[in-house]
Amino acid sequence: KNKILNNERVIVPFPLLAIIDDPELHKNAAQIYIDDKYPVNLDLPKIGLYSRHKKIRIGYFSPDFRVHPVANLTAELYEIHDRSKFEVYAFSFGPDTGDEMNLRIKAGVDYFHDVRTMSHKEVASLSRSLELDIAIDLGGFTQDTRTEIFAMQAAPIQVNYLGYSSTMGADYMNYIIADKTLIPENKQKYYSEKIVYLPDSFMVNDTKNKISKRVFTRQEVGLPEKGFVFSCFNHHYKITPSVFESWMRILTKVDESVLWLSDGNTTGIDNLKKEARKNNIDESRLIIAPRLDLREDHLNRIKLADLFLDTLPYNAHATTSDALQVGLPVLTQIGESFASRVAASLINSVDMPELITESQKEYEELAIELATSPDKLNAIKDKLQVKLISSPLYNTPLYTKHLEAAYLVMYERYQERLEPDHIYV
């Protein structure tokens, strides 16, 4: 921590989100990383003022236009953007998989550019030659992204959106898409970008998400016939020692309960089992769910769980959305940073604030209470089913209108030669 505050290069920003819940440190680490690896690149001249386009040209940049959580969330957004006001471009620097999602996105945008073999400078030049107005980075500091393209300025307006759950610490990224739960106003100073406040949750969803007809039984997926099923389908890197100890205390208090986890590498699974034994929990109470080929099957399978236990400081993101969508309540402890407030943002937008706790103690107590009071849990499940019908979280047309309203404000400010500023939609 002291080293980061001292501007020393000790850690890349992404893993820090899963270790420390401190937005100030996240910003410092991002700025150190940007200054070191991706400072402003002046190989291309500064972009002047483009003349007004009949339609605003927006470009989404990603390595993940394929079966991937980012694509699962955004595919419908590209399809339903208002074509009377926007022209939609995709710049893909990931593999050309040709899978169902990849083909759907190619069909859903106006122009799809496969730029994986082009240099950063060539991609930025292509974007400029198209006079792209707004360049949207869907990856931030996640795997296979290309921050250099933004360092060269691909467009006059550049946006950090969805894929990376923190600030990028770069002066050339103008905006970050968020909401009031994610970035309260008193935390704006920890973000180098100006904040776009969407009225509901920052997270987009896809109403065309299919849930398969395949019926799963507990026996089939290796769960005990009876007993309470806690679940967490997060990547294992999000399971910190503190979170795992919390879970073990919960299992200790709830007889015959099990913890259902997603598959990972064998070392990770062995370590979790070893930690369970250290906490006097029989390792057979940890049940690993193998990966399923079809996402729609996975969405149906998770309905077998009774309660989803979230992780801190790096919450379940798309995974929270999946769980809520199939009616599985998600219990979270809200933190200080973007990554640790995502689940709360999603839970608020289905109007279930009773599932958001403020401390580890409260989180554990509520988990135990819900597991041992079937009436209380059933009341929450029933309420969630009702709230889902009217929730804005899965209303993609409404979400798209809100996001477009933000794009319009960004564009007008730029056309009027005003500096970027916080946007409240």
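Structure shown above.
All residue numbers refer to position in the chain's written sequence, counted from 1. For this predicted model, a pLDDT threshold of at least 70 governs which residues receive local features, and a threshold of 80 or more governs which side-chain atom pairs are given and counted, while totals over whole chains, interfaces and linings are taken from all residues. With hydrogens and water stripped out, all remaining heavy atoms of the structure feed into the side-chain values.

Student: Account for helix α9 (residues 266–278), naming residues and giving values.
Tutor: Between its first and last C-alpha, α9 extends 18 Å over 13 residues, near the 18 Å set by a 1.5 Å rise per residue. Burial here depends on accessible area, computed with a 1.4 Å probe over protein chains only, as a share of the maximum for the residue type. Under 20% is buried, over 50% is exposed, and the range in between is partly exposed. Helix and strand assignments come from DSSP, with helices taken as H or I runs of at least 4 residues and strands as E runs of at least 2, each series counted from the N terminus. For α9, the complete set of buried residues consists of Gly268, Ile269, Leu272 and Ala276. Down the axis of α9, the sector holding all buried residues measures 100°, keeping them to one side. Exposed side chains of α9 directed beyond 90 degrees from the buried face belong to Thr266, Thr267 and Lys278. In this structure, the buried residues of α9 make contact with α8 (241–253), β9 (258–262) and β10 (286–289). Two residues or fewer after α9 comes asparagine 280, characterised by a positive phi angle close to 60°. Multiplying one less than the number of residues by 1.5 Å gives the expected span of a helix. An arc is given here, and it is the one of the directions from the helix axis to the C-beta atoms. In what follows, a contact means two residues having at least one pair of non-hydrogen atoms within 4.5 Å.

Student: How would you sum up the packing of aromatic side chains? Please name residues and give values.
Tutor: Only Phe, Tyr and Trp rings take part, Trp by its six-membered ring, and two of them pair if their centres are within 6.5 Å. Stacked means planes under 30 degrees apart, edge-to-face means over 60, and tilted covers everything else. For the coordinates displayed, the defined rule picks out 20 aromatic pairs. When the ring of tyrosine 33 is compared with that of phenylalanine 141, the centres are 5.1 Å apart and the planes differ by 90°; the resulting orientation is edge-to-face. Here phenylalanine 141 lies in the loop between β4 (134–137) and α7 (147–151) and tyrosine 33 lies in helix α3 (residues 23–37), a separation of 108 residues in the sequence. For tyrosine 33, a relative accessible area of 17% corresponds to the buried category. Aromatic side chains phenylalanine 202 and phenylalanine 338 sit 5.4 Å apart centroid to centroid with 85° between the ring planes, which places their arrangement in the edge-to-face category. Here the residue phenylalanine 202 occupies a position in the loop between β7 (194–198) and β8 (229–232), and phenylalanine 338 occupies one in the loop between β12 (330–333) and α12 (342–349), the gap between them amounting to 136 residues. Note on phenylalanine 338: relative accessible area 2%, which makes it buried.

Student: Report on the side chain of asparagine 205, specifying residues and quantitative values.
Tutor: With respect to the secondary-structure elements, asparagine 205 resides in the loop between β7 and β8. Within polar-contact distance, the side chain of asparagine 205 engages the side chain of serine 321 at 2.6 Å. Setting aside residues up to four positions removed in sequence, asparagine 205 forms contacts with Leu73, Glu76, Ser321, Leu393, Tyr394 and Thr396. Contacts described as polar in this section are N or O atom pairs within 3.5 Å, which, within protein, must combine one atom able to donate a hydrogen with one able to accept it, while residues neighboring in sequence count only if both atoms come from side chains.

Student: Can you explain the pairing of strand β6 (residues 175–179)? Please cite residues and give values.
Tutor: Counting buried residues in β6 gives five out of five residues, a clear majority hidden from the surface. Across the two faces of β6 the burial is the same, with Tyr175, Ile177 and Asp179 and Ile176 and Ala178 all buried. Two strands are counted as paired when DSSP detects at least two bridges linking them. Strand direction decides the pairing type here: strand β5 (residues 157–160) and β6, joined by two bridges, are parallel. Bridge pairing in β6 links asparagine 160 to isoleucine 176. By the bridge criterion, five bridges tie β6 to β7 in an arrangement that is parallel. Bridging across to β7, alanine 178 finds its partner in tyrosine 197.

Student: Go over the sheet that holds β7, please, and point to the residues and values.
Tutor: Pairing is parallel in the open sheet, where eight strands are placed in the order β3-β2-β1-β4-β5-β6-β7-β14. The outermost strands of the open sheet, each flanked by one partner alone, are β3 (111–114) and β14 (423–424).

These figures come from the coordinates and say nothing about function on their own.
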